[in-house]
Amino acid sequence: MPGMKNTWYLPPIGSPKFSIPTPALLIDRAAMESNLECMADFFRHRSAKLRPHFKTHKSPQLALLQIEMGAIGMTCAKLSEAEVLAEAGVENILIANQVVDLRKMIRLAELARGTQIIVAVDQETNLHQIAEAAHEAGSIVGIVIEVDVGMGRCGVPPGEACLPLARLAAQLPGVHFAGLLGYEGHTVFEIDPHRRQENAFQAMTKLTGTADLLRSHGLEVEIVSAGGTGTAFLSGDFPGVTEIEAGSYPFMDVKYNQLGLPFRQALTLQATVISTPSPQRAIIDAGMKALTTDNGLPVVAGLPGVKLLRLSEEHGLLEVDPEQARFQPGDRIEIIPSHVCTTVNLHDRYIVMQDEKVQEIWTISGRGRFY
Ligand SMILES: Cc1ncc(COP(=O)(O)O)c(C=O)c1O
């Protein structure tokens with residue numbers, strides 16, 4: 001209707017949990033704050049500092065809260081995420097990824113005029129191009145050389161192989177050689193804590209060893225960045241590591257919950273039962289447009305005998321043990337995402353809950369920013 005604001009799906013502040021139009025992403029504020037505090041507390045008196053990854057929550061509000069609690073800036077994966085952060089007032093941003101397209105490099109250089117931007121590089125031509133773009137824009141882009149510490153994704157092998165790139169970054173106008181980045185993503189989800197520690201320490205030995213090698217050739221290495229939620233307390237305590245890029249810890253998910261870390265589940269998807277074809281089956285209004293399955297199926301929270309079996313585009317199929325649970329259309333359930341980062345990317349907003357009531361609504365303005 002003309003003039004009618006199409007926001008009926010936004011619950012009024014103060015409304016109770018089970019009146020929210022679904023599917024909806026809910027933040028349990030108390031659990032999230034406990035997670036933020038737990039991580040901030042670990043880094044409060046350590047030489048390594050926290051630079052959380054934006055890839056998980058994609059929310060400028062939450063980024064600013066992390067900085068208020070002691071984070072030294074933000075990490076992100078994409079230039080367009082860095083733009084969202086800069087616009088929100090985040091002054092120190094590390095793009096832990098390669099920016100290669102020429103138009104993107106020009107935007108990167110322009111962004112660096114007003115914000116401290118550091119970007120990962122693992123290739124000489126890319127470094128020359130970034131330096132040229134920054135020189136022309138009249139800005140300075142910080143450079144970290146990405147080192148492959150065992151994950152087998154991007155990066156230069158550890159050791160001598162990093163030296164030519166680091167020297168070049170230290171010489172070229174338009175860029176500033178800031179240090180090294182080596183994400184131990186191959187072991188962040190390792191369930192065996194001993195193996196996780198061993199793998200993380202091996203990776204950090206390679207990374208900090210490379211930093212020492214560069215220093216022995218007269219290069220100044222300020223940043224040695226690594227770490228995910230599963231290794232933050234390990235790599236964050238490793239001598240020579242200066243910052244940690246953990247992302248998932250404010251919210252957590254099924255995959256990370258298996259590790260027994262001291263973080264609570266703070267993000268759930270609330271869904272509504274829309275059909276109960278039999279006592280053994282219930283259908284919810286959340287499918288693949290609301291939940292992701294790249295880390296396996298999400299899990300129904302706090303309801304024994306109820307299992308999410310399958311997702312199609314707009315439906316989720318629950319297998320129900322009638323001895324333990326019974327549903328009617330209109331009933332609400334909460335689901336724990338199996339992979340928080342990709343799930344958040346499907347949603348426009350968080351409903352922030354305090355004491356089971358809607359306290360705030362936050363726009364997820366970093367979602368879909370994969371440019
Ligand atoms: C480069 C990089 N750093 C850090 C992280 C850590 O994130 P999380 O804490 O979610 O494991 C990731 C996750 O994908 C990453 O790609």
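As the structure is a computational prediction, the values presented were derived from the model and not from experiment.

S.K.: What is the right way to look at the overall build of the chain in this model?
M.R.: When helices and strands are counted, the chain shows 10 helices and 17 strands. What you see for the chain is a C-alpha radius of gyration of 22 Å, in line with the 21 Å of a compact globule of 371 residues. Over its C-alpha atoms, taken along the principal directions, the chain stretches across nearly 70 × 55 × 35 Å. Of all 371 residues assigned to the chain, the portion counted as buried reaches 47%. For the chain, the proportion of contacts with a sequence separation of at least 24, taken over those separated by at least 6, is 66%.

S.K.: Mind showing me how you'd approach the sheet that holds strand 7 (residues 175–181) here?
M.R.: Neighbouring strands of a sheet are bound in pairs by backbone hydrogen bonds; such pairs are parallel or else antiparallel. Pairing is parallel in the open sheet, where eight strands are placed in the order 2-9-8-7-6-5-4-3. At either end of the open sheet lies a strand with only one pairing partner, and these are strand 2 (49–50) and strand 3 (74–76). By the bridge criterion, six bridges tie strand 6 (residues 141–146) to strand 7 in an arrangement that is parallel. Of the residues in strand 7, the one forming a bridge with V141 is V175.

S.K.: Is there a simple way to think about the nonpolar core in this case?
M.R.: Across soluble globular proteins, nonpolar side chains show a tendency to be buried alongside one another. One finds I95, L108, V119, I130, I143 and I145 to be the most contacted residues of the largest nonpolar core, which totals 110 residues. Three or more residues apiece are contributed to this core by two domains, here domain 1 (17–26 + 262–363) and domain 2 (30–250). Aside from chain neighbours lying at most four places away, what touches I95 is C76, L79, A82, I117, V119 and A120.

S.K.: What is the right way to read the domain arrangement of the chain from this model?
M.R.: Interfaces are often sized by the amount of accessible area the parts lose when they come together. What the domain assignment lists for the chain is domain 1 (17–26 + 262–363) and domain 2 (30–250). Of note, the centres of domain 1 and domain 2, computed from C-alpha atoms alone, are 33 Å apart. At the interface, 11 residues of domain 1 touch 15 residues of domain 2. If one sorts the elements of the side of domain 1 that touches domain 2 by residue count, helix 10 (residues 340–344) sits on top with three residues. Per-class residue counts for the side of domain 1 that touches domain 2 are eight nonpolar, two polar and one charged.

S.K.: Looking at this model, I keep getting lost on the environment of V306. Mind explaining?
M.R.: Inspection of the secondary structure assignment puts V306 in strand 13 (residues 306–311). The class for V306 is partly exposed, based on 18 C-beta atoms found within 10 Å. Separated by 16 residues in sequence, V306 and P322 have C-alpha atoms that sit 9.1 Å apart. Non-local contacts of V306, meaning those with residues more than four positions away in its chain, are made with V300, L318, V320 and A325.

S.K.: Whenever I open this one, the site of the ligand confuses me. Can you help?
M.R.: Taken together, H53, T56, A96, Y183, G185, V188, G228, T229, E245, A246, G247 and S248 make up all the residues around the ligand. Residue classes in the shell around the ligand are distributed as four nonpolar, seven polar and one charged.

S.K.: Looking at this structure, I do not really get unusual backbone geometry. What am I missing?
M.R.: Trans is the prevailing form of peptide bonds, just as negative phi is the prevailing case for residues other than glycine. For the bond from T22 to P23, the omega torsion is 0°, close enough to zero to count as cis. Structurally, P23 is set in the segment before strand 1 (24–28). Phi is positive for K58, close to 55°, though the residue is something other than glycine. Residue position: K58 is located in the loop between strand 2 and helix 2 (60–68).

S.K.: Looking at this structure, how should I read helix 1 (residues 29–44)?
M.R.: One turn of the α-helix equals 3.6 residues, which is why residues spaced by three or four share an orientation. Taking 1.5 Å of rise per residue, 16 residues should cover 22 Å, and helix 1 covers 22 Å from first to last C-alpha, within 8% of that figure. Buried within helix 1 are the following residues: M32, N35, L36, M39 and F43. The arc that holds the buried residues of helix 1, viewed along the axis, is 95°, so those residues lie on one side. Every exposed residue of helix 1 that faces more than 90 degrees away from the buried side is listed here: E37, D41 and R44. Looking at the buried side of helix 1, the elements it contacts are strand 1, strand 2, helix 2 and helix 8 (232–235).

Scoring rules and cut-offs
Residues numbered from 1 in each chain as written. Predicted model: local features only at pLDDT ≥ 70, side-chain atom pairs only at ≥ 80, totals over all residues. Helix = DSSP H or I, 4+ residues; strand = E, 2+ residues; numbered from the N terminus. Rg over C-alpha atoms; globule rule 2.2 N^0.38 Å. Buried ≥ 20, exposed ≤ 12 C-beta atoms within 10 Å, placed from the backbone. Contact = placed C-beta atoms within 7 Å. Pairing = 2+ DSSP bridges. Core = buried A, V, L, I, M, F, W, Y, C linked by C-beta atoms within 7 Å. Domains from an automatic or database assignment. Nonpolar A, V, L, I, M, F, W, Y, C, P; charged D, E, K, R; others polar. Near = placed C-beta within 6 Å. Expected span 1.5 Å × (residues − 1). Arc of directions from axis to C-beta.

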